[in-house]
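# Architecture at a glance
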Amino acid sequence: KQSMEPTTIQEVIQIYKPIVDKAIADMLPQVPNPRSEDPAEAEKVGFTRETMEGYFGVPVYAYDVESATNSLLEPMWDLLYRGGKRWRPILLVLLTEALGGEVDKILPVAYLTELVHNGSLIVDDIEDSSEYRRGEPCSYHKYGIDISINAGCAMYFFPLIIFRDMRKNGTFSNEIILKAYEFYGEELTNVHLGQGLDIWWHNGKKSPSYEEYYQMCSYKTGTLARLSARLAALFAGAEDDVITSIGRFSESIGVAFQIQDDLLNISGEEFQDKIAFLGEDIYEGKRSLMVIHSLKNSPEDKAERLEEILGMKTKDPELIKEAITIMKESNSLEYSLEVAKDMANKAWERIEPLLPERKAKQYIRLLVDYLVDRTI
């Protein structure tokens, strides 16, 4: 750790991200990172018979270790090695510290929340026909749709080994472990509802209301933040009402994060390096908060034109620029940013009295601000 206490979110991330990355590497057998020139990369061999038995049990016949590594670990680590903000597991660690929990005991859970998130990204990119993720071609462009769907879905289930090991090792009581399973099942169910609604809408089946949009976001994006928070509070020994409140706080900042993400997709110059082109969401026909607001507040002819462009699923830069102009003219970008900031601030106001005065509490506040102020 640094000698001085961090005062910016960048310094907080610099401290906590390596902790999260180590937790992931400790749980998921690594393959060499082709982006690294470290000679030690050659020592990362992926699955061994021992690690396969740890995940899948003793085989009745025989494991093909090499093929398992190539079909599962390669696409998993390919996306993980590209980076990512890791804000969900960082939030989990910070909440654990803020609530007085034992961080060493919950570090494997940081692996859980990040792996599930990355699995959802692999599948989401296929469903959206996306081109780039974190500045490189999406996983399905590199490994094929079949391998990518399977690897992405496997990332939902691999982390469950954590709860099994916690129960076997007596890390937490059976009652706590059962609740963790329940939380996990609830949130993974929710995320699929959120994704289903988002897909239905961006295929032009319906233009949702504001409230319907917020509910979709709370499940599509807020649910994994809520899972991180609920597990942190549960393993820190918090009471049920505190677990619920902290979960709702994290859900709200997750929704605010999504709104800001959608804003950056059409207006963030730094963000452009991570996606195929500015306005990729317009090509996908996405019903973002900006779109919903613009459709409700633009003149009839402009609203109809925006609907028309969204339905085209076009990559034409002039048409995308036209759609963005319509949203700008209806002040929909400013409206959406105001909503995101208000949502994050109100979420903090609700949770602030529940968190003891520890340094981690200050870091959580910095994280909340970062999620809606970021430019990338």
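It should be emphasised that the depicted structure is a prediction, and the values quoted were computed from it without experimental measurement. (Residues numbered from 1 in each chain as written. Predicted model: local features only at pLDDT ≥ 70, side-chain atom pairs only at ≥ 80, totals over all residues. Heavy atoms only, no water.)

### Observations regarding the side chain of Ser139
Note on placement: Ser139 falls in helix H6 (residues 139-143). Residue classification places Ser139 among the buried positions, given a relative accessible area of 4%. Other than its neighbours up to four places away in sequence, Ser139 contacts Asp78, Leu79, Arg82, Ile122, Gly144 and Ser148. (Helix = DSSP H or I, 4+ residues; strand = E, 2+ residues; numbered from the N terminus. Buried < 20%, exposed > 50% of the residue type's maximum accessible area, 1.4 Å probe, protein only. Contact = heavy atoms within 4.5 Å.)

### Description of helix H3 (residues 65-81)
The principal kink in H3, of about 40°, is found at Leu73, preceding the proline Pro75 by one to four residues. Tucked inside the fold, the buried residues of H3 contact helix H1 (9-27), helix H2 (49-56), helix H5 (103-127), strand S1 (132-133), H6 and helix H7 (145-157). Where H3 ends, the next residue or the one after it, Gly83, has phi of about 110°, a positive value. (Bend = angle between axes of the 7 residues up to and from the residue.)

### With respect to the packing of helix H9 (residues 174-202) against helix H11 (residues 222-235)
Put simply, H9 and H11 touch, their axes get as near as 9 Å, and they point 170° apart. Classed by the angle they form, the pair H9 and H11 counts as roughly antiparallel. Where H9 abuts H11, its residues Ile176, Ile177, Lys179, Ala180, Phe183, Tyr184, Glu186, Glu187, Leu188, Asn190 and Val191 lie against Thr223, Arg226, Leu227, Arg230, Leu231, Leu234 and Phe235. (Axes fitted to C-alpha atoms, helices over the stretch in contact; angles between N-to-C directions. Parallel < 35°, antiparallel > 145°, perpendicular 65-115°, else oblique.)

### Structural notes on the packing of helix H4 (residues 87-98) against H5
Direction vectors running N to C along H4 and H5 enclose 155°, while the axes themselves pass 8 Å from each other. With respect to their mutual orientation, H4 and H5 come out roughly antiparallel. The two elements H4 and H5 meet at a crossing, and its hand is right-handed. Contacts from Arg88, Pro89, Leu92, Val93, Thr96 and Glu97 of H4 reach H5 at Val103, Ile106, Leu107, Val109, Ala110, Thr113, Glu114 and His117. A per-class count over the contact of H4 with H5 returns eight nonpolar, three polar and three charged. (Left-handed = near helix turned anticlockwise from the far one by under 90°. Nonpolar A, V, L, I, M, F, W, Y, C, P; charged D, E, K, R; others polar.)

### Structural notes on the pattern of salt bridges
Pairs can form between side chains of opposite charge whenever their charged atoms are close. Within this structure, the stated rule accounts for 35 salt bridges. A salt bridge links Arg82 to Glu136; its shortest N-O distance comes to 3.7 Å. Taken together, the residues span a long stretch of sequence, with Arg82 in the loop between H3 and H4 and Glu136 in strand S2 (residues 136-137) at a distance of 54 residues. For Lys286, the salt bridge identified is with Asp262, shortest N-O distance 3.0 Å. Remark: Asp262 occurs in helix H12 (residues 240-267) and Lys286 occurs in the loop between helix H13 (280-284) and helix H14 (289-297); sequence separation between them is 24 residues. (Salt bridge = Lys/Arg side-chain N within 4 Å of Asp/Glu carboxyl O.)

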